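Descriptive analysis of the structure
One-letter residues, chain by chain:
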Amino acid sequence: MGFRASQEGLEIVDKARKQKGWTKTQTPIWWQTAYASRATLRRFWERKRPIKPEYFIAICNAVGVNWEEIVDKNSLLYHQTHQMSRQDLGDAPEAYDFYGRKEELSLLEQWIVKENCRLVALCGIGGIGKTYLAAELVNNIRNQVDYLFWRSLRSSPPLEDILATMLRFLSPEWEADAAQGLSQNISQLMGCLRNHRCLIVLDDFDAVLQNGDRTVSYLPGYEGYGELLKRWTETSTKSCLLLLSREKPREIAFKERKNSPVRSYKLTGLQLSEAEEILKDKELLRDGNAWEDLIRIYRGHPLALQIVSTIIHESFNGSVTTFLEEKTIILGDISILLSQQFKRLSSLEKEIMYWLALQQQPISILQLQLYVKSQITSSVLLEVLTSLGWRSLIEKTAEDNEVMFTLQPMVMKFTISEFVNQICSEISQGQIKLLKSHALVTEYHLSEQKTEFPYRPILPMIKNKLLGLLTDKNTAIERLRTLQSTIRENQDKGYSENNILNLLAQFNESSQ
Ligand SMILES: Nc1ncnc2c1ncn2[C@@H]1O[C@H](COP(=O)(O)OP(=O)(O)O)[C@@H](O)[C@H]1O
Ligand SMILES: [Mg+2]
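Numbering of residues begins from 1 in every chain and follows the order in which that chain's sequence is written. Key to labels: chains lettered from A, ligands numbered from 1, both in the order written. A pLDDT threshold of at least 70 governs which residues receive local features in this predicted model, and a stricter bar of 80 or more applies before side-chain atom pairs are shown or counted, although totals over entire chains, interfaces and linings include all residues. Hydrogens and waters are ignored; side-chain quantities use all the structure's heavy atoms.

Moving on to helix 15 (residues 302–315). Going along the chain from the N terminus, every DSSP run of H or I of four or more residues is numbered as a helix, and every run of E of two or more is numbered as a strand. Here the expected span of a helix is defined as 1.5 Å times the quantity of residues minus one. End to end, helix 15 covers 20 Å across 14 residues, agreeing with the expected 20 Å (1.5 Å per residue, within 8%). Three labels apply to residues, based on accessible area from a 1.4 Å probe with only protein chains included: buried if under 20% of the type maximum, exposed if over 50%, partly exposed otherwise in between. All buried positions along helix 15 are accounted for by Pro 302, Ala 304, Leu 305, Ile 307, Val 308, Ser 309 and Ile 312. Summarising the contacts, the buried residues of helix 15 are in contact with helix 13 (272–281), helix 14 (290–297), helix 16 (320–325), helix 17 (334–343) and helix 21 (409–428). Looking one or two residues past helix 15, Asn 317 carries a phi angle of roughly 50 degrees, positive in sign. It only takes one pair of heavy atoms within 4.5 Å for two residues to be counted as in contact.

Put into structure tokens, the structure is as follows:
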């Protein structure tokens, strides 16, 4: 919990700032001395939400006011009593500059508090705001549950450890018994939960999951988590387990239905007006539709918007329009999240992602199936597309009554560069996997473009990367020619022959 000023307290601050000749929120030295942001100072004045105690104190010190005199004693008391109440929030963050998500908050509250759902999974791509949303939710409903427990599974802790911590928290007299197996411990936990109303949050649940071809299962040694979910869905309880995960565990996929106590929610980007708050915080210039365009390109992804607005603030003098004119997408740390997510994909999923990236525009299932040379039925393809959709990696649009699929701009940029790296490393090692499975140029590229960004031709990118890997043009050409003669003898050439011809042409070489 944070601090907030009392109404009378604010009057004291108001006097003090006038004496200094400072404005309420427009005197940079104030928030700078407090190592806070202008937005935090604004929130200090608004009093709607508590702010971090250290900022609160620093803001008071900067203007020469004793914070203890002006703090709202109720918020302080609340803070202290709640420290002692029955909650173990582990590494739950405080969502300080939290915006929007009103619909999601009320829906989740409805599910957890009013409808007594047992198991709720909040899923979505990394950085979309799952942890933040859950932290805000926990904050809102903390008085409506008896126990609150939050752990992140980021470091993949064994279930035994998590269970022991939970049991000790729920019944302090509990002692670990080596003779007791996992299953008995789970029963004991379910027993404790029956008597209380608990909200247990397990964040980063994907850290114990692994993604195989078409199924999400558990990492070896972590199957116990599956057993826990299964028992939880089958036992009648007043308590709720809230999972935050990039992937949906299968125990949930099997059981969820409209009125079932097991549900999942896929979190997508912030709405326009909510995302605008982030740009406002960074004091970006608002002209024309620039904000709207920026938010749309990043699909309201809060972390991406924060990264990109910091860059616009620092390198583009806050002008969103100038930044947009560059027609580039900045990924920053988002690429780390995307690469984690990408690594988890099955080979079939990666194959499809690469096809969508190579097209750079929406494509229908039928077209996709024509391209993919491995024998997959349209129902398997649909399954793969659905599962990629669940991970927020692909987008579905409808054009002339036909469903089309593509990657959202951030994911597109990332996947193209992933493809270029992969194919170049294969070529430099004399392998012909991607060369065979994916066409670098298709007639589709020549058709009308419907993308938000200009088509980025893939051949020059591969050429440049190869030049970097193989040091000079002649070595690159030689490598391609060697591959060409290997391929000649192959029965199953896939797209490799054409691809090599296109690449050689890119190096300005005639190809015999
Ligand atoms: N509703 C929101 N309002 C403001 N900032 C947000 C919001 N949701 C997320 N963020 C920002 O995005 C970052 C990533 O969110 P987080 O909840 O950690 O994502 P996830 O858990 O889905 O990976 C947060 O640290 C926060 O700065
Ligand atoms: Mg998180």
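Text resumes after the structure shown.
A word on the nonpolar core. For the purposes of this section, nonpolar cores are sets of buried Ala, Val, Leu, Ile, Met, Phe, Trp, Tyr and Cys residues that join through side-chain atoms within 4.5 Å. One finds Leu 199, Leu 294 and Tyr 298 to be the most contacted residues of the largest nonpolar core, which totals 107 residues. At 10 residues, helix 21 tops the list of elements feeding residues into this core. Apart from the residues within four sequence positions on either side, Tyr 298 is in contact with Ala 304, Leu 305, Val 308, Phe 323, Ile 329, Ile 330 and Met 410. Met 166, Leu 167, Phe 169 and Trp 174 belong to the second-largest nonpolar core, a separate cluster that totals 37 residues.

So, about the site of ligand 1. For this description, a residue counts as near a given molecule or strand if any of its non-hydrogen atoms is within 4 Å of it. With respect to spatial proximity, 16 residues lie near ligand 1, and among them Tyr 99, Gly 127, Lys 130, Thr 131 and Tyr 132 are the closest. Contacts to ligand 1 include Tyr 132, whose backbone N or O atom sits 2.7 Å from an oxygen atom. As used in this structure description, the phrase polar contact means that two N or O atoms lie within 3.5 Å; if the pair is within protein, one of them must be able to donate a hydrogen and the other to accept it, and residues adjacent in sequence are counted only when both atoms belong to side chains. A distance of 3.2 Å is found between an oxygen atom of ligand 1 and a side-chain nitrogen or oxygen belonging to Gln 306. All accessible-area figures derive from a Shrake-Rupley calculation using a 1.4 Å probe, and residue coverage is judged against the displayed protein chains alone. Summarising the interface, the protein chains cover 84% of the accessible area of ligand 1, which totals 550 Å² for the free molecule. Of all elements in the fold, only helix 8 (130–141) and helix 15 reach the threshold of two or more residues within the shell around ligand 1. Note that Gly is not counted as nonpolar here; it falls among the polar residues with everything else outside the nonpolar set of Ala, Val, Leu, Ile, Met, Phe, Trp, Tyr, Cys and Pro and the charged set of Asp, Glu, Lys and Arg. Residues of the shell around ligand 1, tallied by class, amount to 8 nonpolar, 5 polar and 3 charged.

Turning next to the packing of aromatic side chains. Two aromatic rings from Phe, Tyr or Trp, using only the six-membered ring of Trp, form a pair when their centres are within 6.5 Å; if the ring planes differ by under 30 degrees the pair is stacked, by over 60 it is edge-to-face, and anything between is tilted. What the rule picks out here adds up to 19 aromatic pairs. Aromatic pair Tyr 222 and Tyr 225: ring centres 6.3 Å apart, planes at 20 degrees, arrangement stacked. Residue class for Tyr 222 comes out buried when judged on its relative accessible area of 17%. Taking the relative accessible area as the measure of exposure, Tyr 225 reaches 1% and is therefore buried. Ring geometry for Phe 342 versus Phe 414: centroids 5.9 Å apart, planes at 65 degrees, classification edge-to-face. Of this pair, Phe 342 sits in helix 17 while Phe 414 sits in helix 21, and the two are 72 residues apart along the sequence. Side by side, Phe 342 and Phe 414 carry an identical accessibility label, which is buried. Connected via pairs of aromatic rings, a cluster forms that spans Phe 3, Trp 22, Trp 30, Phe 44, Trp 45, Phe 56 and Trp 67.

Once that is clear, we can look at helix 4 (residues 53–63). Because an α-helix completes one turn every 3.6 residues, residues spaced three or four positions apart along the sequence face the same direction. Buried within helix 4 are the following residues: Pro 53, Phe 56, Ala 58, Ile 59, Cys 60, Ala 62 and Val 63. Summarising the contacts, the buried residues of helix 4 are in contact with helix 1 (7–20), helix 2 (28–33), helix 3 (38–46) and helix 5 (67–70). Downstream of helix 4 by a residue or two, Gly 64 has a phi angle that is positive, lying close to 80 degrees.

Contact geometry of helix 10 (residues 182–195) with helix 11 (residues 223–234) gives a least axis separation of 11 Å together with a crossing angle of 35 degrees. By crossing handedness, the relation of helix 10 to helix 11 is classed as right-handed. For the pair helix 10 and helix 11, the contacting residues are Leu 182, Ser 183, Ile 186, Ser 187, Leu 189, Met 190 and Leu 193 in the first and Gly 224, Glu 227, Leu 228, Arg 231 and Trp 232 in the second. Looking at side-chain class alone, the contact of helix 10 with helix 11 contains 7 nonpolar, 3 polar and 2 charged residues. A fitted line through C-alpha atoms represents every axis, and for helices the fit uses only the stretch in contact; the resulting angles, taken between N-to-C directions, go from 0 to 180 degrees. Handedness of a crossing follows from how the near helix is turned relative to the far one, being left-handed for an anticlockwise turn of less than a right angle and right-handed for a clockwise one.

It is worth spelling out the sheet that holds strand 8 (residues 262–266) at this point. The pairing of strands in a sheet happens through backbone hydrogen bonds and is either parallel or antiparallel. Whether two strands pair comes down to DSSP finding at least two bridges between them. Sheet architecture is open: 6 strands sit in the order 1-3-4-7-2-8, paired in parallel fashion. If you trace the sheet from one side to the other, it starts and ends with strand 1 (87–88) and strand 8, each paired once. Across 4 bridges, strand 4 (residues 198–203) lies against strand 7 (residues 240–245) in parallel orientation. Directly across from Leu 199, in strand 7, lies its bridge partner Cys 240. The strands that helix 9 (residues 159–170) touches are strand 1, strand 3 (147–152) and strand 4; relative to strand 3, the one it contacts most, it runs at about 160 degrees.

Quick look at the sheet that holds strand 10 (residues 394–399) now. Spatial strand order, 9-11-10: 3 strands in an open sheet with antiparallel pairing. The sheet is open, and its two edges are formed by strand 9 (363–364) and strand 10, each paired on a single side. Note that strand 9 and strand 11 (residues 402–407) share 2 bridges and pair antiparallel. By the bridge assignment for strand 11, Ile 363 is matched with Phe 405.

Under the domain assignment, the protein is made up of domain 1 (7–84), domain 2 (87–266), domain 3 (272–332) and domain 4 (345–506). For every domain, the bounds stem from an assignment made automatically or drawn from a database. One C-alpha centre belongs to domain 2, the other to domain 4; they are set 38 Å apart. Domain 2 puts 14 residues into the contact, and the matching count from domain 4 is 13 residues. Accessible-area loss on putting two parts together, using a 1.4 Å probe and summing over both, is the definition of buried area adopted here. Both sides together, the interface formed by domain 2 and domain 4 hides about 1,100 Å², and carbon and sulfur atoms give 51% of it. Here, a salt bridge means any Lys or Arg side-chain nitrogen found within 4 Å of an Asp or Glu carboxyl oxygen. Here domain 2 and domain 4 share 0 salt bridges between them. Between the two partners, domain 2 and domain 4, sit 1 residue pair in polar contact (both at pLDDT 80 or more).

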